[in-house]
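Now for the letters of each chain:
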Amino acid sequence: MIKKSLLFGTVALATTVPAFAQEAEAEATPVQNPALEEVLANVPKLMNKHWQTTMNIDVQEGEEAGPKVKVGVKFMDKNHFALDLNLDIPDEFEAQKMEFHVIADGTYLYLNSPNMAEVSGGMAQGPVKVELATIWKMVELSTPSGAMKEGEMNTDALAGMVREAASQFTFKEEGSTEANKRYIMSNEDVSGHIVFAKDTWLPRSMEMSGPNGEGSMKMSSSDSKIVESFPEGTFAFTPAEGVTVMDLTPMLQMQLNQMGGGAEEEEDLEF
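This is a predicted model, so every value here is computed, not measured.

S.K.: Teacher, can you tell me more about the packing of aromatic side chains here?
M.R.: Here the distance between the centres and the angle between the planes together describe a pair of aromatic rings. Scanning all chains against the criterion turns up eight aromatic pairs. When the ring of Phe 230 is compared with that of Phe 235, the centres are 5.3 Å apart and the planes differ by 80 degrees; the resulting orientation is edge-to-face. Under the relative-accessibility criterion, Phe 230 is labelled buried at 14%. Given a relative accessible area of 10%, Phe 235 falls into the buried group.

S.K.: Which parts of the structure should I look at to understand the pattern of salt bridges?
M.R.: Two side chains carrying opposite charge are able to pair once their charged atoms lie near each other. Overall, the coordinates contain seven salt bridges when judged by the stated rule. Put simply, Glu 174 and Lys 172 hold a salt bridge, and the shortest N to O gap is 4.0 Å. Take Lys 172: its relative accessible area is 40%, and that puts it in the partly exposed class. Overlapping salt bridges bring together Glu 38, Glu 173 and Lys 181 as one network.

S.K.: How should the environment of Ala 41 be read in this particular structure?
M.R.: Here Ala 41 shows up in helix α3 (residues 34-42). For Ala 41 and Ala 159, which are 118 residues apart along the polypeptide, the C-alpha to C-alpha distance reads 9.6 Å.

Thresholds, definitions, all that
- Residues numbered from 1 in each chain as written.
- Predicted model: local features only at pLDDT ≥ 70, side-chain atom pairs only at ≥ 80, totals over all residues.
- Heavy atoms only, no water.
- Phe/Tyr/Trp six-rings, centres within 6.5 Å; stacked < 30°, edge-to-face > 60°.
- Buried < 20%, exposed > 50% of the residue type's maximum accessible area, 1.4 Å probe, protein only.
- Salt bridge = Lys/Arg side-chain N within 4 Å of Asp/Glu carboxyl O.
- Helix = DSSP H or I, 4+ residues; strand = E, 2+ residues; numbered from the N terminus.

What is shown is where atoms sit, not what they do.
So this is what it looks like as structure tokens:
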């Protein structure tokens, strides 16, 4: 069950970056926190640009080392992107290494992994795909009312959600340089900072920790840049010869119907 959840969790993770990929327009909202408004005014603009980055994430669980994640991202728009994920999962008896390759080609989201049979509990032996339109419909139903419609994010609603979440923290600019914008945040449960490149607003590093050494997360990035264009084929998925891609769209459409987001009349779905 845990491994099958990891399979669908990876699909969900693959949509996290582009899910809110719409440029935020300037709002006639009183500026209550200049540091937060600066972030909200600049970071969403990345979603109208082509960029790439590689992030290394280290998690510490108390005194024990937690998972290590390396994720390479190439982004053109919310329907064209690629992720390469490598996970090192510590275990008392046997550490695990997993790889996931995700490509959105404009119509489908593809997920491939040498660990596919393991993480899917035997459900899939090779690559799987999901129709992007179905994914965005599920995201729409999972977000607060009015925040997303027909795969497009209501940026005013999103900004309001971020402001509400940020109100639980002390959030201010501190330690910025000519090259970097650095912001610190803290409350009684967590504290840390995030650093953006001043010229591109791509994240350079982030560090968060809980009270009394209960846990921490560190992220650093490399090879981060705005690119003019990607080579042809960057967002195309080609399975190995003789390999069949399993379409999970009918399964997710059934879940969508149960969530109340399907068509009023659906034909019987066959697998």
